Amino acid sequence: MSRRTPLPPPPPQPNTILDDRFPFFNQSMDLVQLPNPPTTRTRSRTLADLLNRVQDAQNDTPPAPPHHVLDLSSSSSTHPFVLSFFNLTYSVKLRRKFTFFPTTTFFPPDHETKPNGTKTLLNDISGEARDGEIMAVLGASGSGKSTLIDALANRISKESLKGTVTLNGEVLDSSLLKVISAYVMQDDLLFPMLTVEETLMFAAEFRLPRSLSKSKKKARVQALIDQLGLRSAASTVIGDEGHRGVSGGERRRVSIGIDIIHDPIVLFLDEPTSGLDSTSAFMVVKVLQRIAQSGSIVIMSIHQPSYRILGILDHLIFLSHGNTVYSGSPANLPAFFSEFGHPIPENENRTEFALDLIRELEEQPSGTKSLVDFNKSWQLKEKNSVQSQNDHKPKPSLKDAISASISRGKLVSGANGNGKNSTAAVSVPAFANPFWMEMAVIGKRSLTNSRRMPELFGIRLGAVLVTGVILATIFWHLDDSPKGVQERVGFFAFAMSTTFYTCAEAIPVFLQERYIFMRETAYNAYRRSSYVLSHAIISLPSLLFLSFAFAATTFWAVGLAGGSSGFLFYFLVIVASFWAGSSFVTFLSGVVSHVMIGFTVVVAILAYFLLFSGFFISRDRMPPYWIWFHYMSLVKYPYEGVLQNEFDVNSPRCFVRGIQMFDNTPLGMVPETLKVELLKSMSKTLGMNITRSSCVITGADVLKQQGITQLSKWSCLWITFAWGFFFRFLFYLTLLFGSRNKRR
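Scoring rules and cut-offs
Residues numbered from 1 in each chain as written. Predicted model: local features only at pLDDT ≥ 70, side-chain atom pairs only at ≥ 80, totals over all residues. Heavy atoms only, no water. Helix = DSSP H or I, 4+ residues; strand = E, 2+ residues; numbered from the N terminus. Buried < 20%, exposed > 50% of the residue type's maximum accessible area, 1.4 Å probe, protein only. Contact = heavy atoms within 4.5 Å. Areas by Shrake-Rupley, 256 points an atom, 1.4 Å probe, with all protein chains shown as cover. Expected span 1.5 Å × (residues − 1). Disulfide = S-S within 2.5 Å. Pairing = 2+ DSSP bridges. Axes fitted to C-alpha atoms, helices over the stretch in contact; angles between N-to-C directions. Salt bridge = Lys/Arg side-chain N within 4 Å of Asp/Glu carboxyl O. Polar contact = N/O pair within 3.5 Å; in protein donor to acceptor, adjacent residues only side chain to side chain. UniProt positions renumbered as here; feature names shortened; annotations may be inferred. Phe/Tyr/Trp six-rings, centres within 6.5 Å; stacked < 30°, edge-to-face > 60°. Lys NZ or Arg CZ within 6 Å of the ring centre and 35° of its normal. pLDDT = per-residue confidence, 0-100. Parallel < 35°, antiparallel > 145°, perpendicular 65-115°, else oblique. Left-handed = near helix turned anticlockwise from the far one by under 90°. Patch = residues over 30% accessible without salt bridge, like charges linked within 9 Å, V, L, I, M, F, W, Y side chains within 5 Å.

1. A word on the overall build of the protein
Step number 1: Scanning the protein for helices and strands turns up 27 helices and 14 strands.
Step number 2: The buried share of the protein, reckoned over its 744 residues, is 53%.
Step number 3: Sequence separation of 24 or more characterises 79% of the internal contacts of the protein that already satisfy a separation of 6 or more.
Step number 4: Carbon together with sulfur atoms contributes 59% to the accessible area of the protein, which is approximately 34500 Å² in total.

2. Let's talk about helix 27 (residues 713–738)
Step number 1: An ideal rise of 1.5 Å per residue puts 38 Å on 26 residues; helix 27 measures up with 37 Å between its terminal C-alpha atoms.
Step number 2: Cys 716, Leu 717, Thr 720, Phe 721, Trp 723, Gly 724, Phe 727, Arg 728, Phe 731, Thr 734, Leu 735 and Leu 736 are the residues of helix 27 that are buried.
Step number 3: Here the buried face of helix 27 lies against helix 19 (507–522), helix 20 (528–558), helix 21 (563–591), helix 23 (627–632) and helix 24 (636–647).

3. Side note on the state of the cysteines
Step number 1: For the structure on display, the rule yields 1 disulfide.
Step number 2: One disulfide in the model links Cys 654 with Cys 695; its S-S distance is 2.2 Å. Residues Cys 654 and Cys 695 share a disulfide whose torsion about the S-S bond is about 110°; that sign makes it right-handed. Remark: Cys 695 occurs in strand 14 (residues 695–698) and Cys 654 occurs in strand 13 (residues 654–657); sequence separation between them is 41 residues.

4. Structural notes on the sheet that holds strand 11 (residues 315–320)
Step number 1: Here we have 6 strands laid out as an open sheet, ordered 8-9-10-5-11-12, and mixed in their pairing. Because the sheet does not close on itself, it has two edges, and the strands there are strand 8 (181–184) and strand 12 (323–328). Sheet twist, expressed as the average angle between the axes of neighbouring strands with direction ignored, equals 15°.
Step number 2: Relative to strand 10 (residues 297–301), strand 9 (residues 266–270) runs parallel, the two being bridged by 5 bridges. Bridging across to strand 10, Asp 270 finds its partner in Ser 301.
Step number 3: Here helix 9 (residues 248–260) sits on the sheet in contact with strand 8 and strand 9, set at roughly 160° to strand 8.

5. Side note on the pairing of strand 6 (residues 161–167)
Step number 1: Sheet topology note: the strand 3 (residues 82–93)/strand 6 ladder contains 6 bridges and is antiparallel. The residue bridging Leu 83 from the neighbouring strand is Leu 167, located in strand 6.
Step number 2: Pairing analysis gives 2 bridges linking strand 6 to strand 7 (residues 170–171), with the strands arranged antiparallel. Within strand 7, the position partnered with Leu 167 by the bridge is Glu 170.
Step number 3: Hairpin connection between strand 6 and strand 7: a loop of 2 residues separates the two successive antiparallel strands, and Asn 168 in this loop has a positive phi of roughly 55°.

6. A look at the pattern of salt bridges
Step number 1: Per the counting criterion, the structure on display carries 16 salt bridges.
Step number 2: Among the salt bridges present, the one from Glu 198 reaches Arg 452, with a minimum N-O distance of 2.6 Å. With Glu 198 in helix 7 (residues 196–207) and Arg 452 in the loop between helix 16 (435–451) and helix 17 (454–474), the pair connects residues that are 254 residues apart, well separated along the chain.
Step number 3: Since its relative accessible area comes to 23%, Glu 198 is described here as partly exposed.
Step number 4: With a relative accessible area of 30%, Arg 452 lands in the partly exposed category.
Step number 5: For Lys 369, the salt bridge goes to Asp 373, with nearest N and O atoms at 3.0 Å.

7. Here we look at the side chain of Ser 327
Step number 1: Locating Ser 327 in the fold gives a position in strand 12.
Step number 2: A distance of 3.2 Å separates the side chain of Ser 327 from the side chain of His 315, its partner in a polar contact.

8. A few points about the sheet that holds strand 3
Step number 1: Spatially, 4 strands are ordered 4-3-6-7 in an open sheet, and the strand pairing comes out antiparallel. One side of each edge strand has no neighbouring strand; the edge strands of this open sheet are strand 4 (118–130) and strand 7.

9. Considering the UniProt feature "transmembrane region" (unreviewed entry) in the protein
Step number 1: As annotated in UniProt, the feature "transmembrane region" (unreviewed entry) corresponds to residues 457–478, 490–511, 532–561, 567–588, 595–617 and 717–738 in the numbering used here.
Step number 2: Helix makes up 77% of residues 490–511 and strand makes up 0%, while its end C-alpha atoms are separated by 34 Å.
Step number 3: Summarising residues 717–738: 100% helix, 0% strand, and an end-to-end C-alpha distance of 31 Å.

10. Regarding the packing of aromatic side chains
Step number 1: Overall, the coordinates contain 45 aromatic pairs when judged by the stated rule.
Step number 2: Geometrically, the ring pair formed by Phe 548 and Phe 567 is edge-to-face, given 6.3 Å between the ring centres and 85° between the ring planes. Of this pair, Phe 548 sits in helix 20 while Phe 567 sits in helix 21, placing them 19 residues apart in sequence.
Step number 3: Overall, the relative accessible area of 12% leaves Phe 567 in the buried class.
Step number 4: Measuring from ring centre to ring centre gives 5.6 Å for Trp 723 and Phe 727, while their planes differ by 20°; the resulting arrangement is stacked. Taken as a pair, Trp 723 and Phe 727 lie in helix 27 at a separation of 4 residues, close to a single helical turn.
Step number 5: On the basis of relative accessible area, Trp 723 is assigned to the buried category, the value being 17%.
Step number 6: Cation over ring: Lys 636 sits above Tyr 637, and NZ or CZ is 5.3 Å from the ring centre.
Step number 7: The residue whose ring lies beneath Lys 713 is Phe 569, and the NZ or CZ to ring-centre distance is 4.8 Å.

11. Let's talk about unusual backbone geometry
Step number 1: Of note, Asp 124 is a non-glycine position whose phi angle comes to about 55°, a positive value.
Step number 2: With a phi close to 50°, Glu 271 is a non-glycine residue in the positive phi region.
Step number 3: Residue class for Glu 271 comes out buried when judged on its relative accessible area of 9%.

12. Side note on the confidence of the model for the protein
Step number 1: Per-chain confidence: the protein averages 80 in pLDDT, with 81% of residues scoring 70 or above.
Step number 2: For residues 1–78, every residue scores under 50 in pLDDT, and the model assigns this stretch 138 contacts once sequence neighbours within four places are set aside.
Step number 3: Within the model, the stretch residues 98–109 combines pLDDT values under 50 with 4 contacts to residues more than four positions away or in other chains.

13. Here we look at the packing of helix 7 against helix 9
Step number 1: At a closest axis distance of 8 Å, the pairing of helix 7 and helix 9 adopts a crossing angle of 20°. Viewed along their axes, helix 7 and helix 9 adopt a mutual orientation that is roughly parallel. When the axes of helix 7 and helix 9 are compared, the crossing they make is right-handed. Here Val 196, Thr 199, Leu 200 and Ala 203 of helix 7 lie close against helix 9, whose contacting residues are Val 254, Gly 257 and Ile 258.

14. Looking at the environment of Ser 280
Step number 1: The topology assignment puts Ser 280 in helix 10 (residues 278–293).
Step number 2: For the pair Ser 280 and Arg 253, spaced 27 residues apart in the sequence, the C-alpha separation amounts to 9.4 Å.

15. As for a nonpolar patch on the surface
Step number 1: A cluster of nonpolar residues, Phe 435, Trp 436, Leu 533 and Ile 537, forms a patch on the protein surface that exposes about 390 Å² of accessible area.
Step number 2: Mapped onto the nonpolar patch, the elements with two or more residues apiece are helix 16 and helix 20.
Step number 3: Inspection of the secondary structure assignment puts Phe 435 in helix 16.

Below is the structure:
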């Protein structure tokens, strides 16, 4: 492919706003107009090259002023990277939709849809991208821009994608690509209550190795803030719909910053300028230009670049329904379309003209076939002329190129690693930090974000306290009468089920973080196991506090038995219930992707757990084909545990005495003297003395009536805890196999 020919500069226009707010743009604007030498390539020094200098300066001199500019002096590289892709083809099967109208009349099929119901999203696409350059993929909506970016970034399963992607002539291994590359999604997925500086600092904690000191990580973050032009917003929270934060352009640059903190060799971006005004879009692309000049391959999709953005881009690929209609330098666009018979007017934006022409051709019966065929012949001619010029150039191996980049400070996460990749045998670890450090950073980030939204925990604590107060006032000081037994059993059933229902608030927690998690783990920011364990550990303090609040509110007010030891067990059962409930809900949030569907499923399943817990119908009266659900009920075990804690005590209590056995029966309304006579008659018949004060039913008898005879109360407690660990493990498996973030 031909080297990029410099575009004629646009007429000089004053841009005092950019010059004042972002002084480093003045420094780098001249880079667009520098001629490219035929044999050597110049680029800016990597961000990692500056770390030692910045660190030494900080040790000897006062901190740099808040608006310092990075010294990006150019340095040559003898180990360039070339990402090549050949004959990429990707098709998907379309689902048939039921309609009352013939599809051939009202819904004509696309040109790329085959008769067998498969749609070709990519059709035999080839090209290459070099470090120091920005390759942009353009096209109308549905042309395949994002699909091509996903194909190059290994976000499409190998079984579905045909073709080859190589780096310096070697097929890219998936594990190696995760380490040396980064992917910036179209949506800005960030924690809303973290500041810009905190967001980048947490990214540095994830992606930079432990061997790099805390001060150097901070220096790197500060340098990156200046490189991204975010100094004025460094202390501003990201924000969301309910909290005012940074602007759209600043959010986009933060999204880019968290993925380039480790200075990746390859950077993929899906529509980085989407939704931004022209000035913000230009600033974002200028940042990408500086990243490319630091020695990275930058590949992005873009919908419709402005004239200023077009002057920054080095290589363009126009797509139409998955086909390449142009591939080359922006400077060659006029010659290309002139030979095709559609010259570009002098005063018209080249990309706008090309996209409009492509759209017109797509509406014709033959589609863009003529333009696709012309591009193939054009590319063949260009390839022959460029190949003769590049035959003498050295072609470094991938191992040598990566090693040279690491030695220059590129790819910081691999600078001190000891892991090895099977493809290139390069010392690049899969993860930058050990397991325990990932857990600490994840936990700190979650606590920082949630601490700034105390209303979330406050609402949950309020719900628990209100429920506890209502139960305490309704079941105030229950007695030991037969009615008291029924009321105690009802209290325990409702109290244990309530602890599970209050855990439903955990559903939106992970659903809000799902795509952040998928983005970060897709390129090995941390392990999935670290995420699961960290969130399990940081949830325990709040569960302990909620459990104590509920237990203290209800235990003595209801008049439960056992004293201090009974309260301790009651408290532990509530903790276990909260733990099992939150684990179950967290697991469901990993399976269900919509909040409302998640709440519906949780409420329904918890209702079934209560139904089969043994409260409404005892175990021995359940149909045999439903008994399995009884043992799977999460409510069963804490319910049986607290019943035994109440009725199976060291000093047995009597709950039905003498004439009380007639309560809740038709004989309950007869005079007490008659009840005494009935007791005498029963005594003679049974051959035993039953007086009005004789104990008829003890706590053990109550447990037998409820069918609670198989497990001890401590067994019920440990099983409840075990359910929590089991669902956390299922949640891990869900993340491991269900969050690959790849197309099929």
